[in-house]
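One-letter residues, chain by chain:
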Amino acid sequence: MKKKQYRRRQSGFVLAVKRLGIFLLATLLLIVFGVCAVMLTIAKGPLDSAKRESIERVRAYSATSFLADIFYTDEEIAKYTDNTLRQQMN
């Protein structure tokens, strides 16, 4: 006759903390994937004005200025920031 295997019951607090952790992790992953999808759409899209605006705003006003470095090459960043400076001078 086989011995019965007993599962150790977890307390309600531990179970609640695990569920909260899983929820927060899933929410964080959705936010990261959403931001990446939007930035990739803007970076690879046909609108130069959207690219210029995204580079300006992400690099100047955001704490996440590294996003422009991820989705754009250094040449693209220089091209769009130089165009912005020229337009402001005229």
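Residues numbered from 1 in each chain as written. Predicted model: local features only at pLDDT ≥ 70, side-chain atom pairs only at ≥ 80, totals over all residues. Heavy atoms only, no water.

1. Quick word on the side chain of lysine 51
Our working definition: Under the DSSP-based scheme used, a helix requires at least four consecutive residues in state H or I and a strand at least two consecutive residues in state E, with every element numbered from the N terminus. Exposed residues in this analysis have more than 50% of their type's maximum accessible area, buried residues have under 20%, and partly exposed residues fall in between, with area computed by a 1.4 Å probe over protein chains only. Asp and Glu are treated as the negative residues and Lys and Arg as the positive ones, with His and the ends of the chain left uncounted. Note on definitions: salt bridges are taken to be side-chain nitrogens of Lys or Arg within 4 Å of carboxyl oxygens of Asp or Glu. Every residue pair with non-hydrogen atoms within 4.5 Å of one another is taken to be in contact.
Along the polypeptide, lysine 51 turns up in helix H2 (residues 48-61). Put simply, lysine 51 is tucked away with no salt bridge, and the nearest opposite charge, on aspartate 48, sits 4.2 Å away. Among residues more than four places away in sequence, those in contact with lysine 51 are Ile42, Ala43, Gly45, Tyr72 and Tyr80.

2. Examining the nonpolar core
A general feature of soluble globular proteins is that nonpolar side chains tend to end up buried together. For clarity, the cut-off: For our purposes a nonpolar core is just a set of buried Ala, Val, Leu, Ile, Met, Phe, Trp, Tyr and Cys residues, chained together by side-chain atoms within 4.5 Å.
Membership of the largest hydrophobic core is limited to 10 residues, which are Met39, Ala43, Ile55, Val58, Leu67, Ala68, Phe71, Tyr72, Ile77 and Tyr80. If you list the elements that add at least two residues to this core, you get helix H1 (12-44), H2, helix H3 (66-71) and helix H4 (74-89). Top contributing element to this core by residue count: H3, with 3 residues. Apart from the residues within four sequence positions on either side, alanine 68 is in contact with Val58, Arg59 and Ile77.

3. Regarding the environment of tyrosine 72
The topology assignment puts tyrosine 72 in the loop between H3 and H4. Linking tyrosine 72 and leucine 40, residues 32 residues apart in sequence, is a C-alpha distance of 9.4 Å. Apart from residues no more than four positions distant in its own chain, tyrosine 72 is found in contact with Met39, Ile42, Ala43, Lys51, Ser54, Ile55 and Ile77.

4. Details of the packing of H1 against H2
What counts, and what does not: Under this scheme, a helix contributes an axis fitted over its contacting stretch, all axes are lines through C-alpha atoms, and angles between N-to-C directions fall in the 0 to 180 degree range. If an angle is under 35 degrees, it is roughly parallel; if it is over 145, roughly antiparallel; if it lies from 65 to 115, roughly perpendicular; otherwise it is oblique. Should the near helix be turned anticlockwise from the far one by less than a right angle, the crossing is left-handed, and should it be turned clockwise, the crossing is right-handed. Amino acids are sorted into nonpolar (Ala, Val, Leu, Ile, Met, Phe, Trp, Tyr, Cys and Pro), charged (Asp, Glu, Lys and Arg) and polar (every other residue, Gly among them).
Look at H1 against H2: their axes get within 8 Å of each other, and the N-to-C directions meet at 130°. As the angle between them shows, H1 and H2 are arranged oblique. Every pair of crossing elements has a handedness; the one defined by H1 and H2 is left-handed. Counting all contacts with H1, which are made through Met39, Ile42 and Ala43, the residues of H2 involved are Ala50, Lys51, Ser54 and Val58. The class makeup of the residues in the contact of H1 with H2 is 5 nonpolar, 1 polar and 1 charged.

5. Observations regarding a nonpolar patch on the surface
This is how the line gets drawn: A residue counts toward a patch only above 30% relative accessible area and without a salt bridge, and it is joined to like-charged neighbours within 9 Å or, for Val, Leu, Ile, Met, Phe, Trp and Tyr, to nonpolar neighbours within 5 Å. Each accessible area value is a Shrake-Rupley result obtained with a 1.4 Å probe; residue values ignore everything except the protein chains displayed when judging cover.
Where nonpolar side chains cluster on the molecular surface, the patch consists of Leu25, Leu28, Leu29, Val32 and Phe33 and spans about 500 Å² of accessible area. If you trace the backbone, phenylalanine 33 turns up in helix H1.

6. Side note on the side chain of serine 54
Inclusion rule: In the analysis that follows, any N or O atom pair within 3.5 Å is treated as a polar contact, provided that within protein one partner can donate a hydrogen and the other can accept it, and provided that, for residues neighboring in sequence, both atoms belong to side chains.
Within the secondary structure, serine 54 sits in helix H2. A residue is classified by how much of its surface remains accessible, and serine 54, at 9% relative accessible area, is buried. In terms of polar contacts, serine 54 uses its side chain to reach the backbone carbonyl oxygen of lysine 51, at 2.9 Å. Once you skip the residues sitting within four places of it in the chain, serine 54 turns out to touch Ile42 and Tyr72.

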